[in-house]
Protein chains: 4
Amino acid sequence: MSETTKQSSKTLGIGLIGTGFMGKTHALAYRTAKAVMGEGVPDIKLALLCDTPADQAERMANQLGFEKATDRWQDLVSSPDVDVVSITTPNKFHFEMALEAIRAGKHVYCEKPLALTLEQALEMKNAAEKAGVRTMVGYNYIKNPIFAHACQLIGAGAIGRIVHFRGWVDEDYQANPDLHWTWRSTLADAGLGTLGDLGCHLVSMACGLVGPVESLIAEMQTVHETRPLPDGSGKAAVENEDTATALIRFESGVHGSLSTSRSAWGRKNRLAWEVHGTKGMICFDQERMNELQLYQNEGPVSEQGFKTILAGPAHAPYGNFCPAPGHQLGFNDLKVIEAATFLTAIAEDREASPNFADAYAFEKVIHAVAQSARTEKRIRLSDL
Amino acid sequence: MSETTKQSSKTLGIGLIGTGFMGKTHALAYRTAKAVMGEGVPDIKLALLCDTPADQAERMANQLGFEKATDRWQDLVSSPDVDVVSITTPNKFHFEMALEAIRAGKHVYCEKPLALTLEQALEMKNAAEKAGVRTMVGYNYIKNPIFAHACQLIGAGAIGRIVHFRGWVDEDYQANPDLHWTWRSTLADAGLGTLGDLGCHLVSMACGLVGPVESLIAEMQTVHETRPLPDGSGKAAVENEDTATALIRFESGVHGSLSTSRSAWGRKNRLAWEVHGTKGMICFDQERMNELQLYQNEGPVSEQGFKTILAGPAHAPYGNFCPAPGHQLGFNDLKVIEAATFLTAIAEDREASPNFADAYAFEKVIHAVAQSARTEKRIRLSDL
Amino acid sequence: MSETTKQSSKTLGIGLIGTGFMGKTHALAYRTAKAVMGEGVPDIKLALLCDTPADQAERMANQLGFEKATDRWQDLVSSPDVDVVSITTPNKFHFEMALEAIRAGKHVYCEKPLALTLEQALEMKNAAEKAGVRTMVGYNYIKNPIFAHACQLIGAGAIGRIVHFRGWVDEDYQANPDLHWTWRSTLADAGLGTLGDLGCHLVSMACGLVGPVESLIAEMQTVHETRPLPDGSGKAAVENEDTATALIRFESGVHGSLSTSRSAWGRKNRLAWEVHGTKGMICFDQERMNELQLYQNEGPVSEQGFKTILAGPAHAPYGNFCPAPGHQLGFNDLKVIEAATFLTAIAEDREASPNFADAYAFEKVIHAVAQSARTEKRIRLSDL
Amino acid sequence: MSETTKQSSKTLGIGLIGTGFMGKTHALAYRTAKAVMGEGVPDIKLALLCDTPADQAERMANQLGFEKATDRWQDLVSSPDVDVVSITTPNKFHFEMALEAIRAGKHVYCEKPLALTLEQALEMKNAAEKAGVRTMVGYNYIKNPIFAHACQLIGAGAIGRIVHFRGWVDEDYQANPDLHWTWRSTLADAGLGTLGDLGCHLVSMACGLVGPVESLIAEMQTVHETRPLPDGSGKAAVENEDTATALIRFESGVHGSLSTSRSAWGRKNRLAWEVHGTKGMICFDQERMNELQLYQNEGPVSEQGFKTILAGPAHAPYGNFCPAPGHQLGFNDLKVIEAATFLTAIAEDREASPNFADAYAFEKVIHAVAQSARTEKRIRLSDL
């Protein structure tokens, strides 16, 4: 029996702000990233957890395995025990927290969207680049091995030259007209509506598949214009969009469209797209995230059809989770890949992807959609 | 044993121009409409078939069961044996043939689109109304019992107030870049491209589900800009669109989108749509034309999900074809319903639907899409 | 303008007994067989229709286009106007009617199952062979072009050597425990239960795909043991089986299983099977009758998956109905193929398939299933 | 900032034997069980990892986060640092390791199947009961929240009284005839073939859904009778079954069937079943493990259909992983639930499920299948 040999590389201290949906996924991902992915992922220490109130922070630190807890994020971003700061708070806090963490020289893993406004996002990107810290943004769906496979297939010419793209991302968390009014309905606290919550994920996939967007024309709509106040005192206006749709021109000349709704009954995570090529088509739907649809104009016509490819070890890094195909990854596994990607990049002193610059590019598109919808004009991304 | 008693109503003489894809479906539909639908459908006589050359007309008249054949359509539309004229020729002939038939006082069953231009379509509509003849246009997909059921569900409030619509119609008959150049690629002979072939079907469904379109902004693209000439002498330009997408505002205020491609590998008849409501969603895909997807925000959340409803006798007139659910109607059965609808309307001396006026309204939308794409401007349907 | 040239071959006089579900499909099929399939299909005349009472026969003769009507089937089978007799009555009448028609020298197109007992089926087969008349039995599902394609794929080695087979056929027409007791529940009038209604269709497909059955062990069960009498006077026993399942050995040595239920809620026509081979798998489900699932161990593992092949003109005779793939055939179209097959065989003076001999072989299997279930013993088909 | 308060309950020392497919899933599950499930799950320490050779053990201990490593499992099961022993080695070692661990007073979490023979399994069960240690067996699929939901729906009468059951479990890891011969093909080292690898999982679900099995009749087959030896010296016999199918009678009187194949091309983890009831049906397929199909005979016939229910927080403990429905759990998450269940049971000093007694009951069924297939006789479970 022998003591386990430790890796020589530095153990990274992790500070996590927020313990909600995303906060928990970050914690779980940090806990297993090295165990899943193996060599290359540095050792980490769950150093400090921040949430409010203080007892919530303590309780969750115990559950998630953090050594210490605080209710002051400023203490976290400045703590000498912390090398990496994960920001999983409501969107309006990302800006201030990230800037402060960068100033303190921390690497920053921020949830999407980067910020409420494009100006803030740009400032965050610039600050990170100037400080030379590593960044990562939680566009988790592009970490899906089957998505990476789709990109590889396209790159290898499996569907020929791309000629068209369509994408959708729908959920139903705001579909019920009787839901109470919350901060999510305000420009000041939430910024964009479905575009910020969902649309930017679709953009991250579209750009990965087809490349950068050149210009667009768009519409958006608030389909539930008011919502009842929780105290029963009447109704308040919903200030941001429930649906948005854009006609896109990619830089490559390909046309396409993007559409999103947070009021689409029955859709739980329908982040779906189809890439049309001169030799075939590839389609995907996040609600069946372990499947890819591939049609190729090959072989006898009588035997052509869409193939349903099940994710497996042939699609790296699926095999790091499971050596058997068709056994399925889950949502949280995408965050493990994301965290491992970031930690490895830090250890190897190189840029991760998607970093703040990538996220800024994605978010330019959703802000362009909103601007086009407001102005009824074509927006060129280069003009933003 | 007794002779079959004949109905007292007049036996309608049928004249059919064209024996291609649609021509054959018309002939089959006429042959079985009464047998399927029963009382109310008048007796018919397959009086005269027109095609060129003459021997093709004769051969097909024998196969399809027409009493006589001709290679001159002018003789057909003026024949005293003919009460109803079916026009299933290439689109560019519809205008002249329909006008001539109307002038001769015949009822006209014309394939879609009515004409190459909106001006022609308007003239056809006006001529029919002035002459008082009955008309029908081959928007067969809206005759699907499961589509009628979807409309009824919406009308009955099954998904609440409509808040969004999306539709697509894709095929791959022009997906192969190596296909030869044909008349289909020309403005003069084909007019619109995918909008005329496919897009108008989607419009017919969208209007049935959500109502009339108020305005739109659109893009279109010719993704295969040239095609090889059949004689190997080089390449010729494709003049009409392979893809088109529009952001739609319906008169009701609902936003939505329509998209079509004739170059979508793997799609054989993907005429699909989803209607988002405040209480649920209904979805359909013509490639599974006997199925309807219905989600309703009803009952425990733990048991909610999209229901796959299989067409059956509960969805009239499915039961006229088959008393057993899930046994499935086919494409040609839709034409039987269409033909029966038309013949019955003639016998009862009332308007059928969709008639030339309905078709004109549908086709206004596809021409508006093309005009918006060309001018990069919002088009109001009332301005056309 | 010219009179249509008639084919020289004899016009076949059709006599149809029964106007229910199957009766109507026969009539529709006769009406369109030649129009769909073209040359080779002889001309027919809808000579005589039989049903009871007489006014029902007359009314339906008018609707379906028969020249005469009768309420005496004996008159029909002996009529000199009738060359072909279609029998679509309840199963218990098949035996007597078919024998009488054969005695009168008529060709016989009988619905499945041939008879209530295997002895009767054998007598029918022998009588037809002795008389030299042509026969056809309504195992319509094996006329599906996509089924024919599956058989061709297997024959061409697309999935290698067959190693296993599984099949199911379920409906829910007897799923409701509150349904009234009818003749369907009796051995005397209905004979077998789900095996006779549904199971024999599955056998017809299994044999087409894998070949003849050598032996089997089976179980069956009446899951609703009594049903309320229509007059409210109590309950009566259900005498035949609601479910049956068999472990099969094919003559080729392949093992497999068959299972059927008429009490399977939600299944409307789930006639489904999967053929496992050394190189791949083929699957089918009648509820999506225009689709075939094909998996092949070919190409990179990362791109393998089940292909959904949509029926199209590449799968003859789909193209006779429609030149465009994915537009879908319906249930009634299968009867058109069946009728055309039979009429053509008569005109060409050769055997059609499946004839009485084929049907007898199929039905031996369902009777073997019932016998094994009753005796709890392995049944060898050669012992029946 | 405050130190995290530790729970007062004892920290459990974990010893894991094996670092293959299952070994890794155990390690990952232990790492996150408390973080996911929260209070109730005791703190654990990854004390000792065993594998051979020693450097593999050390390397994996480092990756998976174990404090120490060994290549002698005897040292692990006797280590005072170890309270819980996870056994994830090849099946033939389970018996000896589990008995030794039990003798040492350790709680045992063993992968399925318990043992190569039923006698061994019984001995393991008895030893654990006598020693009073807690046990758990890796029947992970029954830990799926959507499976628990299916059981609850059935219990609540959502589909009425159960009338039939069908289940299948197929993979294709032995589908290729050219795969080399391995120990998996031997009775001595592997015991049962597909029944032991896959079939027992299906049994665990069938029993959960319908209850205990009373008797069965079965067949099995080795479809690839020999396999090439790795050294190219010829072929060796495959001694265990590639496929097996059983006709089942449950103690409740319900009939059903089970079928399994490890040579089913294209199936990656098709563990699927359907439960037929008097009011509806529930179906599941592990390849879409986050979906449940539910049909209920409720509401208008025109709106009935199978509902696809997506797993979400309404199906506990999904919400512990993710508060958003449709975001999907993965295979490894099932092991987290399993591990958390076991650890919690240990902390609360009560039996977990499925323990060795449950596993013994499941495995009786697969051995009964094999015995029936060998003897061609009905096997009553009570006779084993």
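Please refer to the structure higher up on the page.
Residues numbered from 1 in each chain as written. Chains lettered and ligands numbered in written order. Predicted model: local features only at pLDDT ≥ 70, side-chain atom pairs only at ≥ 80, totals over all residues. Heavy atoms only, no water.

Participant: Honestly, the relation of the copies chain C and chain A in this entry has me stumped. Any pointers?
Facilitator: Both copies of the chain are related through a single rotation about an axis accompanied by a shift along the same axis. Rotating chain C by 180° and translating it 0.0 Å along the rotation axis places it on chain A, where the RMSD comes to 0.0 Å. The transformation relating the two chain copies, once decomposed into turn and shift, fits a two-fold axis. Minimal C-alpha separation from the rotation axis in chain C is found for K307 of chain C, amounting to 2.0 Å. When the interface residues of chain C are mapped onto chain A, 88% of them are again interface residues, pointing to one common binding face. (Least-squares fit on C-alpha atoms with pLDDT ≥ 70 in both. Contact = heavy atoms within 4.5 Å.)

Participant: What exactly am I supposed to notice about the packing of aromatic side chains here?
Facilitator: Each aromatic ring pair is summarised here by two numbers: the centre-to-centre distance and the angle between the ring planes. For the structure on display, the rule yields 42 aromatic pairs over all chains. Centroid distance Y141 of chain A to F331 of chain A: 5.8 Å. Interplanar angle 55°. Geometry classified as tilted. Here Y141 of chain A is found in the loop between β7 (135-137) and α6 (145-155), whereas its partner F331 of chain A is found in helix α10 (residues 331-347), with 190 residues between them in sequence. Here the two residues Y141 of chain A and F331 of chain A agree in accessibility, since each one is buried. Between Y139 of chain D and F362 of chain D the ring centres are 5.0 Å apart and the planes differ by 80°, which places this aromatic pair in the edge-to-face class. Taken together, the residues span a long stretch of sequence, with Y139 of chain D in the loop between β7 (135-137) and α6 (145-155) and F362 of chain D in helix α10 (residues 356-375) at a distance of 223 residues. Exposure class is identical for Y139 of chain D and F362 of chain D. Each is buried. Joined through ring pairs, the aromatic side chains of F21, Y141 and F331 of chain A make up one cluster. (Phe/Tyr/Trp six-rings, centres within 6.5 Å; stacked < 30°, edge-to-face > 60°. Helix = DSSP H or I, 4+ residues; strand = E, 2+ residues; numbered from the N terminus. Buried < 20%, exposed > 50% of the residue type's maximum accessible area, 1.4 Å probe, protein only.)

Participant: Teacher, can you tell me more about the side chain of E171 of chain B here?
Facilitator: Following the sequence through the fold, E171 of chain B ends up in the loop between β8 (162-170) and α7 (194-210). K112 of chain B is the oppositely charged side chain nearest to the buried, salt-bridge-free E171 of chain B, at an N-O distance of 8.2 Å. Leaving out residues up to four positions away in the same chain, E171 of chain B has contacts with L198, S261, R262, S263, A264, R267, K268 and N269 of chain B together with H327 of chain C. (Lys, Arg positive; Asp, Glu negative; His and termini not counted. Salt bridge = Lys/Arg side-chain N within 4 Å of Asp/Glu carboxyl O.)

Participant: When you look at the interface of chain C and chain A in this model, what are you seeing that I'm missing?
Facilitator: By a widespread convention, an interface's size corresponds to the accessible area lost as its parts come together. Contacts between chain C and chain A engage 16 residues on the former and 14 residues on the latter. Buried surface at the junction of chain C and chain A, summed over both partners, amounts to about 1100 Å²; 52% is from carbon and sulfur atoms. Interface area lost by chain C to chain A is led by S302, E303 and K307 of chain C, which between them contribute 46%. At the surface where chain C touches chain A, the tally comes to eight residue pairs in polar contact (both at pLDDT 80 or more). Of all elements in the fold, only α6 (145-155), β16 (291-296) and β17 (306-310) of chain C reach the threshold of two or more residues within the side of chain C that touches chain A. It is β17 of chain C that provides the largest number of residues to the side of chain C that touches chain A, a total of five residues. Among the residues making up the side of chain C that touches chain A, the classes are represented as seven nonpolar, seven polar and two charged. As judged from the three bridges shared by strand β17 (residues 306-310) of chain A and β17 of chain C, these two strands associate in the antiparallel manner. Bridge pairing in β17 of chain C places K307 of chain A opposite K307 of chain C. (Buried area = accessible area lost by both parts, 1.4 Å probe. Polar contact = N/O pair within 3.5 Å; in protein donor to acceptor, adjacent residues only side chain to side chain. Nonpolar A, V, L, I, M, F, W, Y, C, P; charged D, E, K, R; others polar. Pairing = 2+ DSSP bridges.)

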